[in-house]
Amino acid sequence: MFCKMNAVERQLARLFYKLGVVVAKNPGYFLVVPFLVAALCFTGFQRMRSEIDPEYLFSPVGGQGKMERNVVESYFSLNYSARFNVGRITRPGRFGRVIVVPKEIAEEAHQLSRAAGTEGLAPGMYNGPGANAPGTGPYQRLPDLGNLLTAAVWDELKILDEIIKNATAVVDGERFKYSDVCARWVDECFRNDILELSHVMDDVESGKLNLTFPVMFNPVTWDAHAFPVFFGGTVVSDEGTILSVPSLQLVYFVTADTKRQDEIGAAWEEAFLKAVGEAEDGKIFKHISTARFASRTLDLELERNTHTVVPFFGTTFMVMLAFSALSCVMADWVRAKPWLGFLGNLSAVAGTAAAFGLVMYIGVPFIGINLAAPFLMLGIGIDDTFVMLAAWRRTSPLLEVPERLGRTLSEAAVSITITSVTDMLSFWIGIISPFPSVQIFCIYTGFAVGFTFLWHVTFFSACVAIFGYAEKKNLHSVTCVKVLPVSQADHRSWLYRMLCTGGHNPEDPHNPRDNVEHSVMVFFREKVAWMLNKPFIKVLVVIVFAGYLAGACYGITNIKEGLERRKLSRTDSYSIDFYDREDFYFREFPYRIQVVISGELNYSDPYVQFQIENLTQTFENTSFISSPLYTESWVRSFVGYVNRNKDYLNISIDTEEEFITSLKELWLFQPNPFSLDVKFNDDGSRIIASRFLIQAVNITDSNHEKEMVRALRQIAREASLNVTVFHPYFVFFDQFELVRPTSIQCMVIAAIVMMLISLVFIPSLLCCFWIAFSILSIETGVAGYMALWGVSLDSISMINLIMCIGFSIDFSAHICYSYMTTPAAVDTKEKVRQCLYALGLPIVQGAMSTVLSVVALAFAHSYIFLTFFKMVFLVILFGAMHGLLLLPVLLSLFGPGSCSSESIEGADRDEKKKARGDANGRIQSPMSPGEKGQPYGLSGTPPSSAASAAAVALQLGHGLRPGGQFLALGPPVGGITYLGNKFNQPLDLVSAKHRSLGTVPLEKDLGLGTSGEEESSESSSAGKSPQTGMSNSGGGSQQRLPWNRMSNGNSNPSSMWHRQLQHQPFQPPQLMEVYSNAGYMSDDEHQRIRKHERGLSRGRENGFRRESSDQRLHYSPDDAKFKGKVQYANHSNGALVNRLQSGYVGEMKFP
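Residues numbered from 1 in each chain as written. Predicted model: local features only at pLDDT ≥ 70, side-chain atom pairs only at ≥ 80, totals over all residues. Heavy atoms only, no water.

(A) The arrangement of the overall build of the chain in detail. Each helix and strand in the chain was counted, giving 37 helices and 23 strands. In the chain, the share of contacts with a sequence separation of at least 24, taken over all contacts with a separation of at least 6, comes to 76%. Summing over all exposed atoms, the chain offers an accessible surface of approximately 45,300 Å²; the carbon and sulfur share of this is 58%. (Helix = DSSP H or I, 4+ residues; strand = E, 2+ residues; numbered from the N terminus. Contact = heavy atoms within 4.5 Å. Areas by Shrake-Rupley, 256 points an atom, 1.4 Å probe, with all protein chains shown as cover.)

Take a look at the structure:
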């Protein structure tokens, strides 16, 4: 069934085989054309349009806050030039803010921040600038917060006010000060009336005058001071008098009604930030410390984030060059490919640049977060490089370069196609997110993944072909000078043998001195697998995994949602101190919230008045809204005023006409702010909308903000009136409502798509189950531990969670498929050994390359890029641990064959019985055993069916490829074996390392290639003919012969079996096809050999005896009908004798 389902993979393999042949024959075109295309696409950078507006990037498209703002602005548009009121703004506008604290308090807080940022503090203490949550910053750790109610402080505040007002912006040669651009109420600039307390501050300091909270009239200027607007962290006595003021804020608004005014306002903000910064850094003030902020701060900080990561491009590229070059180095200096490591990086960079340029041509804006993509693409590109180099080393060096590259691409390109498609689709699924920042990043990165893939199968393939021609000539991989193989360099110096030897000896291509097994692969097979097969270690791994899941679940329960403003700034930004002060001092009365009632209502109707009053009280009774003292409601104040003074005023509001007339005359005169809260129809006869203001209280963090918005909107929905609640920051708060469901939606869709793709390329339901298990486990771990690592669930982490779906599938899919494609007759312990032998090193290399590619982001001093590093590190760590430790254990416990109680011999007998259809399970040859000259009793008549052919293969301990091909006959002894017949014809020529039970391993690539994993003999001899799908003889290379050749021409030419093998077309290697690993013989195999020998000694079919002195096997038939014998091939002037003396000895394989 499996073979029938893998049509997609087989077609891709054929296509890439043809592409490889074309590329190898014409490498010049594929070197030049991709770079010409990259250069053409790169011109798109001249059309780059940067986007740094935080509202556009990090608020959802079509969010409820934006719809609420549209409703409010349709009725109450704010005029900054003449009718400005800070509580009734609908957009942040242009402004500058300064938060002032006592200077000695600021210095203590800065020392605490520096200590937290370097040496660290005790658990629970402040964790450094920019990393703390609201209300947990350095100011909260101070025992004494100081007091600003002194005359000296107010004198310096007046100086600060003058510095700000004199800050000058230059636009198109014109100079603008605050008085020129300030927002105005009637003809007066918006001013900070709290500074007028300087007239009475001497009396306040001496105790002669007490300030009453929350409102007080200035006895000198008669200004009404609303202290909660300006004072932060105020300490109030039981009598309501102010005892101390540890913090104070000053706000300066500028006009932004037109585009020109907005441009001038933006320039003035920069002048404001510069002037306040110079005053603070210049230590002008002795008693106060300032922290500044402007509406452009977020824009400027996003731009600074972009500049932060740019210097790390060069460093990361050099690190990746060094890593990839070292990973491609081998002791064999001919087969090593360090230059291809460099070219793999170059291919990834060129593909990424071309993709970015093309997307810019399309018109997609560029954002700073996109600069994380090149780091990711370097990691992905190097992984693809390792895959292709590993596949190249698995081809025979005796083949011509076009043939080798065709087979390389037919194997490796299919593998990287799967990883590229899954990564690309996981990014493009992120486009369904409502956050433009996520959409833009996913578009750029999705295209970059696709282009990197295209550049690797074209440009990099051409590079492989060129170095393949150099290898064919036995040229040094660095200097391109012809060198000697190790076996022929004994007469040269030790330095030459160390640095200038490699390749193979054409006369003796399987010499063990020229083919050395990779020590790290052996370590995973002999050490790691040995430990994981111990019952105690398995229990320990399961316990640790349970603890891992418990910690992840705990982290998920503590996850915070939403992107706080501080996280858009660098950790060393001036704005961090402002956020710390604002979060600590000004969270008691943070937001002035507007409530709009739309629709034509008869406000003179007592029932309508009751509905409005009831609505107002419902808001005030929530825990998020302050007392009625801070509510501004024109209905409440006007109706109350008329009812209290009806006799004195001699007016009536019983009818709608009388109500509106009295309202206009008594209450809506221009200086009154209530005149901004009533909207009349065109003729002024009816009220079509009204507004009142409520005050939020004690909103401490983003979760509290989310709960407040949710509660207020619920009240508005349940009201009998058409009600809208709004604050300018609600546009940002919408992310709190959407980020969780959107993240879950994207991850679920991505996981389903990944599993479907896996099922298409790897058609195994059991494989898909383990892949789904791994995705769920890894994503749970990333989500939970990111919360414990200080990462919130926001649009930045959402990008990474979506990206992690694609990354988490890699290691798990390869391990699962490797385990399940191991022959069923092999026990679970041996399966674990084979999986880790094939994949241990590639997983480690793939994980290291990806982490190295993003490690520079950890030093960028930016939450955005630090989040990328943290989450990529987590997904790679968890993915590698799942692949190397957890999945081998779980598969050995619950995977296929784990519950079988039969012995290996029993499993073999079942397989043979099934293949032969023998009810008694006895092994019977389908051909006449008396046929002379046929080795192992194989007659000249070929089997009549695939079942009988499989039976023969099983009898010999071998397997069949799909389509009826023999994989190989195992070598009894030595590197090359001849099976005796009357023509002394060679049947199979394979490496002495191919000694495991069952089929001869071809070491197919599992998608995580490694440069050094194939330094063994099979890496240079396992080639297959494109015409037959079998191995080429190639002067001693591995052969896989059709039946008619094995039978010395005695087969029946008319049989279907003969015709199928005689005209077998090219069969590309199966995707990630795993055969028995080579290079060792397990204890079980030794035991089976001994049992088989004991059985032979009792007179069973054929007999063999082992001579322990030289480990040679001799054919000693008990039956006189067998006259042949197994003999060694005396070739290459006694090379075989040398191999035997050096320990290069093979073992006969038995069923």
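(B) Broad picture of the nonpolar core. Within the largest apolar cluster, 219 residues are counted, with the highest numbers of intra-cluster contacts made by Trp 154, Ile 194, Phe 231, Trp 268 and Phe 868. Other than its neighbours up to four places away in sequence, Trp 268 contacts Gly 96, Ile 164, Ala 167, Ala 169, Phe 176, Lys 177, Tyr 178, Val 181, Tyr 252 and Val 254. (Core = buried A, V, L, I, M, F, W, Y, C linked by side-chain atoms within 4.5 Å. Buried < 20%, exposed > 50% of the residue type's maximum accessible area, 1.4 Å probe, protein only.)

(C) Up close: the pattern of salt bridges. Summed over all chains, the structure comprises 39 salt bridges. Asp 677 serves as the salt-bridge partner of Arg 88, at 2.8 Å between the closest nitrogen and oxygen. With Arg 88 in the loop between α5 (64-75) and β1 (94-102) and Asp 677 in the loop between α25 (656-666) and β15 (678-680), this pair connects stretches of sequence that are 589 residues apart. We classify Arg 88 as buried; its relative accessible area is 1%. The class for Asp 677 is buried, based on a relative accessible area of 0%. The residue Asp 161 makes a salt bridge to Lys 165 at a minimum N-O spacing of 3.2 Å. Separated by four residues within a single helix, Asp 161 and Lys 165 lie in helix α7 (residues 151-165), roughly one turn from each other. Taking the relative accessible area as the measure of exposure, Asp 161 reaches 5% and is therefore buried. (Salt bridge = Lys/Arg side-chain N within 4 Å of Asp/Glu carboxyl O.)

(D) View of the state of the cysteines. Scanning the model with the defined rule gives one disulfide in all. Disulfide pairing is shown between Cys 182 and Cys 189; the S-S distance is 1.7 Å. Taking the sign of the S-S torsion, about -55 degrees here, the bridge from Cys 182 to Cys 189 comes out left-handed. When sorted by exposure, Cys 182 lands in the same class as Cys 189, which is buried. (Disulfide = S-S within 2.5 Å.)

(E) A look at helix α23 (residues 634-644). By the burial criterion, the buried members of α23 are Trp 634, Val 635, Phe 638, Val 639, Gly 640 and Val 642. Where α23 is buried, its residues meet α22 (606-620), β14 (632-633), α24 (646-649), α25, β15 and β16 (687-695).

(F) Region of interest: a nonpolar patch on the surface. Taken together, Trp 494, Leu 495, Met 498 and Leu 499 make up a surface patch of nonpolar side chains, about 430 Å² in accessible area. Along the chain, Leu 499 turns up in helix α18 (residues 494-499). Residue class for Leu 499 comes out partly exposed when judged on its relative accessible area of 38%. (Patch = residues over 30% accessible without salt bridge, like charges linked within 9 Å, V, L, I, M, F, W, Y side chains within 5 Å.)

(G) The arrangement of the confidence of the model for the chain in detail. Counting all residues, the mean pLDDT for the chain is 75, and 74% of those residues have values of 70 or more. Ranking the helices and strands of the chain by mean pLDDT puts strand β17 (residues 722-726) first, with 96, and strand β20 (residues 977-979) last, with 32. Of the regions scoring below 50 in pLDDT, residues 900-1083 engages in 496 contacts with residues more than four places distant in sequence or in other chains. Contacts for the low-pLDDT stretch residues 1096-1151, under 50 throughout, to residues beyond four places or in other chains number 113 contacts. (pLDDT = per-residue confidence, 0-100.)

(H) Geometry of the packing of aromatic side chains. Tallying each qualifying case throughout the model produces 48 aromatic pairs. Arranged with centres 6.1 Å apart and planes meeting at 70 degrees, the rings of Phe 323 and Phe 386 form a pair that is edge-to-face. In this pair, Phe 323 sits in helix α13 (residues 312-327) while Phe 386 sits in helix α15 (residues 373-393), placing the two residues 63 residues apart along the sequence. Look at Phe 386 and you get buried, because its relative accessible area is 1%. Linked through ring pairs, Tyr 80, Phe 84, Phe 95, Phe 190, Phe 253, Phe 293, Phe 578 and Tyr 579 together constitute an aromatic cluster. Arg 492 extends its terminal NZ or CZ atom over the ring of Tyr 496, reaching a point 4.0 Å from the ring centre. (Phe/Tyr/Trp six-rings, centres within 6.5 Å; stacked < 30°, edge-to-face > 60°. Lys NZ or Arg CZ within 6 Å of the ring centre and 35° of its normal.)

(I) Summary view of the environment of Val 832. As for its placement among the helices and strands, Val 832 is situated in helix α30 (residues 828-854). Val 832 sits 52 residues away from Leu 884 along the chain, and the two C-alpha atoms are 9.9 Å apart. Setting aside chain neighbours within four positions, we find Val 832 in contact with Ala 529, Asn 533, Tyr 819, Pro 888 and Ser 892.

(J) Just α5, in detail. Compared with an ideal rise of 1.5 Å per residue, which puts 12 residues at 16 Å, α5 spans 17 Å between its outermost C-alpha atoms and is within 8% of the ideal. Inspection of α5 places Gly 65, Lys 66, Glu 68, Arg 69 and Val 72 among the buried residues, and these make up the whole buried set. Along the long axis of α5, the arc covered by the buried residues comes to 155 degrees, so they all point the same way. Looking at the buried residues of α5, the elements they touch are α4 (54-58), β13 (592-601), β16, α26 (702-718), β17 and α27 (730-761). (Expected span 1.5 Å × (residues − 1). Arc of directions from axis to C-beta.)

(K) How the structure looks around the pairing of β13. Burial within β13 is extensive, with eight of its 10 residues counted as buried. Two strands pair when backbone bridges link them, and β13 and β16 are joined in this way by eight bridges, in the antiparallel orientation. Opposite Val 595, over in β16, you have Phe 692 as the bridge partner. In terms of strand pairing, β13 meets β17 through five bridges, oriented antiparallel. Each bridged residue has a counterpart across the sheet, and for Ile 597 the counterpart in β17 is Val 723. (Pairing = 2+ DSSP bridges.)

(L) Expanded view of the side chain of Arg 97. Along the chain, the position of Arg 97 falls in strand β1. For Arg 97, a relative accessible area of 13% puts it in the buried group. Among the polar contacts listed, one links the side chain of Arg 97 to the side chain of Glu 582, at a separation of 2.9 Å. Discounting chain neighbours no more than four positions away, the residues touching Arg 97 are Gln 249, Leu 250, Val 251, Phe 272, Ala 291, Arg 292, Phe 293, Phe 578 and Glu 582. (Polar contact = N/O pair within 3.5 Å; in protein donor to acceptor, adjacent residues only side chain to side chain.)

(M) Just a negative patch on the surface, in detail. Taken together, Glu 104, Glu 107, Glu 108 and Asp 144 make up a surface patch of like negative charges. Since its relative accessible area comes to 53%, Asp 144 is described here as exposed. (Lys, Arg positive; Asp, Glu negative; His and termini not counted. Charge placed at Lys NZ, Arg CZ, Asp CG, Glu CD.)

(N) Expanded view of unusual backbone geometry. Backbone torsion omega between Phe 213 and Pro 214 reads 15 degrees, so that peptide bond is classified as cis. With respect to the helices and strands, Pro 214 occurs in the loop between α9 (201-206) and β6 (215-217). Of note, the phi angle at Lys 283 is positive, near 55 degrees, even though the residue is not glycine. Here Lys 283 lies in the loop between α11 (259-281) and β12 (288-294). Even without being a glycine, Cys 480 presents a positive backbone phi close to 60 degrees. Among the secondary structure elements, Cys 480 is positioned in the loop between α17 (436-472) and α18.

(O) Molecular detail of the packing of helix α16 (residues 401-429) against α27. Put simply, α16 and α27 touch, their axes get as near as 10 Å, and they point 160 degrees apart. As the angle between them shows, α16 and α27 are arranged roughly antiparallel. Between α16 and α27 the crossing geometry is right-handed. Residue-level inspection shows Ile 418, Val 421, Thr 422, Leu 425, Ser 426 and Ile 429 of α16 in contact with α27, the latter providing Cys 746, Ile 749, Ala 750, Val 753, Met 754, Ile 757 and Phe 761. Here the residues of the contact of α16 with α27 are counted per class, giving 11 nonpolar, two polar and no charged. (Axes fitted to C-alpha atoms, helices over the stretch in contact; angles between N-to-C directions. Parallel < 35°, antiparallel > 145°, perpendicular 65-115°, else oblique. Left-handed = near helix turned anticlockwise from the far one by under 90°. Nonpolar A, V, L, I, M, F, W, Y, C, P; charged D, E, K, R; others polar.)

(P) Spatial organisation of the sheet that holds β1. Reading across the sheet, the four strands line up as β8-β11-β1-β12 and stay open at both edges, with antiparallel pairing between neighbours. For this open sheet the edge positions go to β8 (231-232) and β12, each flanked by a neighbour on one side alone. Bridge analysis of β1 against β12 gives seven bridges, and the strand direction is antiparallel. Residue Val 101 lies in a different strand from β12, and its bridge partner there is Ser 289. Contacts from α11 reach β1, β11 (247-254) and β12 within the one sheet, and its direction differs from that of β12 by about 160 degrees. Across the sheet, helix α21 (residues 574-585) is in contact with β1, β8, β11 and β12; its angle to β12 comes to roughly 100 degrees.

(Q) Main features of the packing of α15 against α17. Where α15 meets α17, the axes come as close as 9 Å, and the angle between the chain directions of the two elements is 35 degrees. Where α15 crosses over α17, the handedness of that crossing is right-handed. On α17, the residues touching Ala 373, Leu 376, Met 377, Ile 380, Gly 381, Asp 384, Thr 385, Met 388 and Trp 392 of α15 are Phe 441, Thr 445, Ala 448, Val 449, Thr 452, His 456, Phe 460, Ser 461, Val 464, Gly 468 and Glu 471.

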